[in-house]
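Structure at a glance
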Amino acid sequence: DVKVTQSSRYLVKRTGEKVFLECVQDMDHENMFWYRQDPGLGLRLIYFSYDVKMKEKGDIPEGYSVSREKKERFSLILESASTNQTSMYLCASSLAGAFSYEQYFGPGTRLTVT
Amino acid sequence: QQQVKQSPQSLIVQKGGISIINCAYENTAFDYFPWYQQFPGKGPALLIAIRPDVSEKKEGRFTISFNKSAKQFSLHIMDSQPGDSATYFCAARSTGTASKLTFGTGTRLQVTL
């Protein structure tokens, strides 16, 4: 069964802390994505990766960075957390090619920055 | 930079009724239009998807209608059930590397008894 796991369901951090969110997929998918979900704003793409060590900015990359050292793992890094980064963070993966419209999502990490 | 507009934001439908959610897009470089369903505490999951050269696609009680000239597409849920209560997102896939999705803002559907 297809599975995307995220390192934490809930996380509370202080302003200025460096935060790591990790995502692992077991489907050998080429593509991986990080979104944040906020009420009324839907899912907004932060960064995505189509291959190991490759990354591209999404629509809202400011304040974030990513790392993909292995095919199955994609990490989101908040260099210096701020209160406006309090949100639900969702990781997803997909095959490359024709069926890439089907993304598989993890359960999300609810991050609170105080 | 919202390129996919979704309405309504919330919807209440009686059991057995028809739920209709609408989306409109601006970018003509989209090549596939999926809908995702999200239950509380879960990540979104693909529900149904359509290509722009097809005007309608039906899977069980769920139907996508697509109007290419108007750049609009909609999800119809027939015979809505309480178990359909969820948040629904339309999306559009960009052509090119990694084929990213642009999502609408979501519709919270509540089906009442």
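Predicted model only: the values in this text are computed from it and were never measured.

1. Focus: the sheet that holds strand β8 (residues 72-77) of chain B
Residue and element names in this part refer to chain B. Read across the sheet, five strands follow the order β1-β3-β8-β7-β6 without closing on themselves; strand pairing throughout is antiparallel. The open sheet terminates on both sides in strands that have one partner only, identified here as β1 (4-7) and β6 (56-59). Between one strand and the next, the sheet's axes are offset by a mean angle of 15 degrees, whatever the strand orientation. For β6 and strand β7 (residues 62-67), the ladder comprises four bridges, and the chain directions are antiparallel. Following the sheet pairing, E59 is matched in β7 by F62.

2. Describing the state of the cysteines
In this structure the tally under the stated criterion is two disulfides over all chains. Bridging C23 of chain A to C91 of chain A, the disulfide has an S-S length of 1.9 Å. Taking the torsion about the sulfur-sulfur bond, which here is approximately -75 degrees, the covalent link between C23 of chain A and C91 of chain A counts as left-handed. Separated by 68 residues along the polypeptide, C23 of chain A in strand β3 (residues 19-25) and C91 of chain A in strand β9 (residues 87-94) bring together distant segments of the chain. This pair shows no difference in class: C23 of chain A is buried, exactly as C91 of chain A is. Across a sulfur-sulfur distance of 1.9 Å, C23 of chain B and C90 of chain B are joined as a disulfide pair. On the sign convention where negative is left-handed, the bridge of C23 of chain B and C90 of chain B, at about -95 degrees about the S-S bond, is left-handed. On the criterion of sequence distance, the pair formed by C23 of chain B in strand β3 (residues 19-25) and C90 of chain B in strand β9 (residues 86-94) is long-range, its members being 67 residues apart. Of the two residues, C23 of chain B and C90 of chain B, both sit in the buried class.

3. Some points on the environment of R68 of chain A
All names here are of chain A. Locating R68 in the fold gives a position in strand β7 (residues 64-70). Sequence-distant contacts of R68, that is, excluding residues within four places in its chain, are made with Q25, H29, E30, N31, M32, S49, Y50, D51, V52, K53, R73 and F74. Within polar-contact distance, the side chain of R68 engages the backbone oxygen of H29 at 3.2 Å. For R68, the side chain forms a polar contact with the main-chain oxygen of K71, separated by 2.6 Å.

4. Some details on the side chain of R93 of chain B
The topology assignment puts R93 of chain B in strand β9. From its side chain, R93 of chain B meets the backbone oxygen of A98 of chain A in a polar contact 2.9 Å long. Sequence-distant contacts of R93 of chain B, defined by excluding residues within four places in its chain, comprise G97, A98, F99, S100 and Y101 of chain A together with A29, F30, D31, Y32, S99, K100 and L101 of chain B.

5. Here we look at the pattern of salt bridges
With the rule as written, the count across this model stands at twelve salt bridges over all chains. Measuring nitrogen to oxygen at the nearest pair gives 3.8 Å for the salt bridge that ties E26 of chain B to K5 of chain B. On the criterion of sequence distance, the pair formed by E26 of chain B in the loop between β3 and β4 (30-38) and K5 of chain B in strand β1 is long-range, its members being 21 residues apart. Given the relative accessible area of 47%, E26 of chain B is considered partly exposed. Between K57 of chain B and E59 of chain B there is a salt bridge, and its shortest N-O distance comes to 3.7 Å. Using a relative accessible area of 28% as the deciding quantity, one classes K57 of chain B as partly exposed. Taking relative accessible area as the criterion, E59 of chain B reaches 37% and is therefore assigned partly exposed. Each of R36, D38 and R44 of chain A takes part in a single network of salt bridges with overlapping partners.

6. Focus: the interface of chain B and chain A
In this assembly, 22 residues from chain B lie in contact with 25 residues from chain A. Counting the surface lost from both chain B and chain A, the interface buries some 1,900 Å², and carbon and sulfur atoms represent 56% of this. Applying the counting rule to chain B against chain A returns one salt bridge. We note a salt bridge from D59 of chain A to K100 of chain B, for which the minimum N-O separation is 3.8 Å. Viewed at the interface, chain A and chain B are joined by seven residue pairs in polar contact (both at pLDDT 80 or more). Mapped by element, the contributors of at least two residues to the side of chain B that touches chain A are β4, β5 (45-50), β9 and β10 (101-103) of chain B. With four residues, the top contributor of residues to the side of chain B that touches chain A is β4 of chain B. Classifying every residue of the side of chain B that touches chain A by side-chain character gives ten nonpolar, nine polar and three charged.

Basis of the calculations
- Residues numbered from 1 in each chain as written.
- Chains lettered and ligands numbered in written order.
- Predicted model: local features only at pLDDT ≥ 70, side-chain atom pairs only at ≥ 80, totals over all residues.
- Heavy atoms only, no water.
- Pairing = 2+ DSSP bridges.
- Helix = DSSP H or I, 4+ residues; strand = E, 2+ residues; numbered from the N terminus.
- Axes fitted to C-alpha atoms, helices over the stretch in contact; angles between N-to-C directions.
- Disulfide = S-S within 2.5 Å.
- Buried < 20%, exposed > 50% of the residue type's maximum accessible area, 1.4 Å probe, protein only.
- Contact = heavy atoms within 4.5 Å.
- Polar contact = N/O pair within 3.5 Å; in protein donor to acceptor, adjacent residues only side chain to side chain.
- Salt bridge = Lys/Arg side-chain N within 4 Å of Asp/Glu carboxyl O.
- Buried area = accessible area lost by both parts, 1.4 Å probe.
- Nonpolar A, V, L, I, M, F, W, Y, C, P; charged D, E, K, R; others polar.

Just geometry here; none of it tells us what the structure is for.
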